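# Close look at the chain arrangement
Residue strings, one per chain:
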Amino acid sequence: MLSPESLKKIDQEIAKYPADQKQSASMSALRIAQQEKGWLANETIEFVAKYLGMPPVAVYEVASFYNMYDLAPVGARKITVCTNLPCALSGGVHAAEYIKKKLGIDFNETTADGKFTLKEGECMGACGDAPVLLVNNHQMCSWMTEEKIDQLLADLQK
Amino acid sequence: MLEIEIDGKQLQVSDGSTVMEAAATVGAYVPHFCYHKKLSIAANCRMCLVQVEKAPKPLPACATPVTNGMKVWTHSEQAVKAQKGVMEFLLINHPLDCPVCDQGGECQLQDLSVGYGGAQSRYEEEKRVVGNKNLGPLVSTDMTRCINCTRCVRFTTEIAGLMELGQAFRGEHAEIMPFVEKTVDSELSGNIIDLCPVGALTSKPFRFAARAWEMSRRKSISPHDSLGSNLIVQVKHDVVKRVLPLENEAVNECWLSDKDRFSYEGLNGEDRLKRPMVKQGGAWIETDWQTAMDYVVRGLKGIRADHGPESIGALGSPHSTLEELFLLQSVVRGLGSGNVDFRLRQSDFSADGRMKGAPWLGMSVSEIAGLDRLLIVGSFFRKDHPLVAQRVRQAVKKGLKVSAINPAFDDWQFALQNQLCVSPSEMSAALAKVLKALVEQGSAALSPEFQALVDSVQVDEQALAIARSLGSGRRVAVWMGNYAVQHQDGVALHALASEIARLSGGRFGVLGEAANSVGGYLAGAVPFGAVSGKNASEMLSTPLKAYVLLGIEPEFDLRDAVAARKAFGAAEMVVMLSAFKFEEALGYADVMLPVSPFTETGGAFVNCEGRTQSFHPVVKNTGDSRPAWKVLRVLGEALGLGNFDYESVDAVRAQILGASGSVDPFRLSNDIDIEPLNPAGVSQGLQRVADIPIHFADPLVRRSAPLQATKDSEAPFARISPATLKTLGLNAGDKVVVRSVSGSATVVVSEDEGVAAGCVRLAAAHSSTWALGSLNGEVSVERI
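Note that the structure is a prediction, hence the values are computed from the model and not measured.

It is worth spelling out the interface of chain A and chain B at this point. Taken residue by residue, the interface counts 14 residues in chain A and 14 residues in chain B. Buried area between chain A and chain B, summed over both chains or domains, comes out near 1200 Å², and the portion from carbon and sulfur atoms is 68%. When the area that chain A buries against chain B is broken down by residue, the three leading residues are V57(A), Y60(A) and E61(A), summing to 43%. Applying the counting rule to chain A against chain B returns one salt bridge. Where chain A touches chain B, the interface holds four residue pairs in polar contact (both at pLDDT 80 or more). Among the elements that make up the side of chain A that touches chain B, the one with the highest residue count is helix α4 (residues 56–65) of chain A (seven residues). A breakdown of the residues in the side of chain A that touches chain B according to their chemical character gives eight nonpolar, three polar and three charged.

Here it is as structure tokens:
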């Protein structure tokens, strides 16, 4: 189901906790699984649950609670725009609207070529840099004016 | 102890109590939804907010520990205002569909909204809608009504042992669901219906059948497993509509197994026997009681005259009442025969006449909570004893260490410290190894009868681990499961297990197969004592001329269906007292007398701990059916036997138990005079391990359509371990013929790591497997 490399990474996470508390590694395990698979299918969640000795529904609770886990397929580039209050006051909503217009998609949609998915995100802990967005959960982009968004999308198109 | 003042009342509570518990002791009702005394504290409904002195805001009573000198007001202005605020939020998304909701009339949300809800909603925005889930044939869902209290989630996790439900998503989108498309398959699943404080989870079989206030509530006792769960049977127009638990902390607490809860669905099926039936010239005709009884009396008298009284025998179901079994044996003994038995699936009767009393649990059920070491021998524990297993599960959380010796394991949903899986023929050797390890590490001396057997075995690591576990305990118990009692060396296993208990300073008990497994002995429905005779096995192997069968379906309820059919087929007369018309028996039976199921008769069961629990009929007789105790009393009188003039069922019980109406403790004993034990031969062939699936164990539960639709009622597989599959050259999914000395069965193979090597686990009491005959012994498996 998962590659040996991913399993090795998960094992490293499990090793951080006492042997009878493997479930503590569930968030890391889901993250690693998502990195490999692109998104979390039910089979992937079930596999992670079995690997950690947890009931599948308990892992599903975690996977569905946090919005950085994707329970449906996403494009090659997932852009998550923060629309929480500080960002919204500093142009977050506008940045999202601009991306929607540019890509021709709404939140939770993927472009026809499968390259971009747009998501509405929650606070990323960098309100001073508002508006902020995340690319593929890992690349943080700050002060996203229209020009910077144009530049970012152009770079990502490559 | 802590001092606390609640609503002006002073009281003392023990350390660690919550405000909710303290309030309950002074009778101050704090409204709540998510709090339940048997579940962990979630504090997520916020309905139980109360005012606490010096606290800046209201606190949830369920999650607030009492501190010394605390002052609490449960109905002050601040408290009520907070509760009303919570109520308004809870009702925001709740549909106003009480008129079509099954929970209406017994709904906590409905009740509390009368006290705390507004007359009108201020909420004008969109309401959320949550999709329904398919949780299986027992629980119906209307998830939009859910208030996300998570009682059901906590129940499956904590009480049933496996988290089958969870709360997925977040905030406004949070919803209770099983893991994608799965159903809730626990044998305790029906309890989430009782726990749900709203109408989100309701009973599927009961859906739209009646309103709570239309039904009368009548007490009864479950006739199924050996616990004897206390029931509330709800009745409308003389029909049983629903069964709920009657809370009894000493027996079933506030729970019921699904078998106890939904078996009532089998009561009024099409094959319910309503008139006496007699076979004349090969054709069945319905008749009246007088004619049928005359026929039976003439037949029995004739057979006694022609062949002697020993040619008459009776078999009674262990699900029959104490009084029924007593009168059954009275009829047989009155006729001069001792052929009577109720131990229908047992194969080893060598302890008969050497037992010091009725085998029982050896302790009370409530004492399970205090155990610290437990050994279970030969049991499909979780499915055979759902609520006893539940108690063990709770005790395991508090430190109980459980070991088990079995030929096949299921997941019992609690941690087993030691799990020894051996084939049936190796079970006595496995117990002897544990015994030897105990002797080597312990102070007590071994009884001489065991010496030869113990000398013949070598202690291995697993036996040593079990012995160490038992030896390190202070409150130890060793229990025999149903499988061990039915085992071909059942008496040797009994003796060995009781010696293990003695050497580890623990108590020995027998779990018991059915509602009246203890009561049957007390009623004398065994072929020893006053007049001895043939046991259940001998009555089939050396055929008799006449059989009286009480509440039995021979193909499913007897140890060897093939031998039974042969014996009954050759008999001159087979009289069946049954609540149901049983198709298979129409061929060999001669008379069918319609008798009452537990809902239409009075009587008593003695449960595994020796507790006598009596009950009254809850509905009128169906058709011409009559309580079996009355039928047997009339039969006794008509046969001209003395002492059958009982005026009531209570008089019969007084005859059995004395005026007290409860079991004299001296009549309960697991002690037997044992003879020296010798090493048993180890079988080389493939051995059958037969379990009795939970919903096939008795005639009533076999007829409950919703229970038959559950996962537990799937057609039996030939379950074989991966290694044995390899040696047999079989794969999971193969269709095979399983052959025994008596017959064959066609089933599908499945891989099961829990089955001992060299064994096939194949369930009995099922139409697809009865043709195999005996529950144990060697079989062959061949792919087709």
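After that view, the rundown keeps rolling.
Once that is clear, we can look at unusual backbone geometry. Residue P131(A) follows A130(A) across a cis peptide bond; omega there is -10 degrees. Of note in the backbone geometry, T150(B) takes a positive phi value of approximately 65 degrees without being a glycine. Along the chain, the position of T150(B) falls in the loop between β6 (139–141) and α4 (151–159).

Here we come to the UniProt feature "binding site: [2Fe-2S] cluster" (unreviewed entry) in chain A. Residues and elements named next belong to chain A. The UniProt entry lists C82, C87, C123 and C127 under the feature "binding site: [2Fe-2S] cluster" (unreviewed entry), expressed in the numbering used here. The largest pairwise C-alpha distance within this set of annotated residues, which runs over 46 residues, is 9.5 Å, so the set is compact in three dimensions. Inspection of the secondary structure assignment puts C82 in strand β1 (residues 77–82). Apart from the residues lying within four places of it in its own chain, the contact partners of C82 are C87, G92, G121, E122, C123, M124 and V132. Residue classification places C87 among the buried residues on the basis of a relative accessible area of 2%.

What follows concerns the domain arrangement of chain A. Interfaces are often sized by the amount of accessible area the parts lose when they come together. Per the domain assignment, the segments of chain A are domain 1 (4–65) and domain 2 (77–157). Computed from C-alpha coordinates alone, the two centres of domain 1 of chain A and domain 2 of chain A are separated by 28 Å.

All names here are of chain B. Take R354: it is sitting in the loop between β16 (340–341) and β17 (373–377). Along the chain, R354 and K127 lie 227 residues apart, while their C-alpha atoms are 71 Å from each other. When sequence neighbours within four positions are dropped, the list of residues in contact with R354 reads D671, I672, D673, I674 and E675. Here the side chain of R354 touches S350 through a polar contact of 2.5 Å, landing on its backbone oxygen.

Attention now moves to the sheet that holds strand β12 (residues 239–245) of chain B. Residues and elements named next belong to chain B. An order of β10-β11-β12 is seen for the three strands of this open sheet, with the pairing classed as antiparallel. Taken across any chain shown, the strands that pair with only one partner, and hence form the sheet edges, are β10 (216–221) and β12. For this sheet, the mean inter-axis angle between neighbouring strands, taken without regard to orientation, is 35 degrees. By the bridge criterion, six bridges tie β10 to strand β11 (residues 230–236) in an arrangement that is antiparallel. When the bridges of β11 are listed, K219 appears paired with I232.

Conventions adopted
- As a convention, each chain's residues are numbered from 1 in the sequence order in which they are written.
- Chain labels run from A onward and ligand labels from 1 onward, assigned in the order the entries are written.
- At least 70 in pLDDT is required for a residue's local features to be given in this predicted model, at least 80 for side-chain atom pairs to be given and counted, and no such filter applies to totals for whole chains, interfaces and linings, which use all residues.
- To obtain the side-chain values, all non-hydrogen atoms of the structure were used and water was disregarded.
- Contact criterion: two residues are considered in contact whenever any of their non-hydrogen atoms come within 4.5 Å of each other.
- Computed with a 1.4 Å rolling probe, the buried area is the accessible surface lost when two parts are put together, summed over both parts.
- Any carboxyl oxygen of Asp or Glu that lies within 4 Å of a side-chain nitrogen of Lys or Arg is treated as forming a salt bridge with it.
- Distance and chemistry together define a polar contact, namely a pair of N or O atoms within 3.5 Å, with one atom able to donate a hydrogen and the other to accept it when in protein, and with adjacent residues in sequence counting only for side-chain atoms on both sides.
- For helices the rule is a DSSP run of H or I covering at least 4 residues; for strands it is a run of E covering at least 2, with both sets numbered from the N terminus onward.
- Classification used: nonpolar for Ala, Val, Leu, Ile, Met, Phe, Trp, Tyr, Cys and Pro, charged for Asp, Glu, Lys and Arg, polar for all others including Gly.
- UniProt positions are given in the numbering used here, feature names are shortened, and annotations may be inferred rather than shown by experiment.
- Relative accessibility decides the category of a residue: with a 1.4 Å probe and only protein chains considered, values under 20% of the type maximum give buried, values over 50% give exposed, and everything between is partly exposed.
- Segment limits for the domains were obtained from an automatic or database-derived domain assignment.
- Should DSSP find at least two bridges between two strands, the strands are regarded as paired.
- Throughout, an axis means a line fitted to C-alpha atoms (over the contacting stretch in the case of helices), and angles, computed between N-to-C directions, take values from 0 to 180 degrees.

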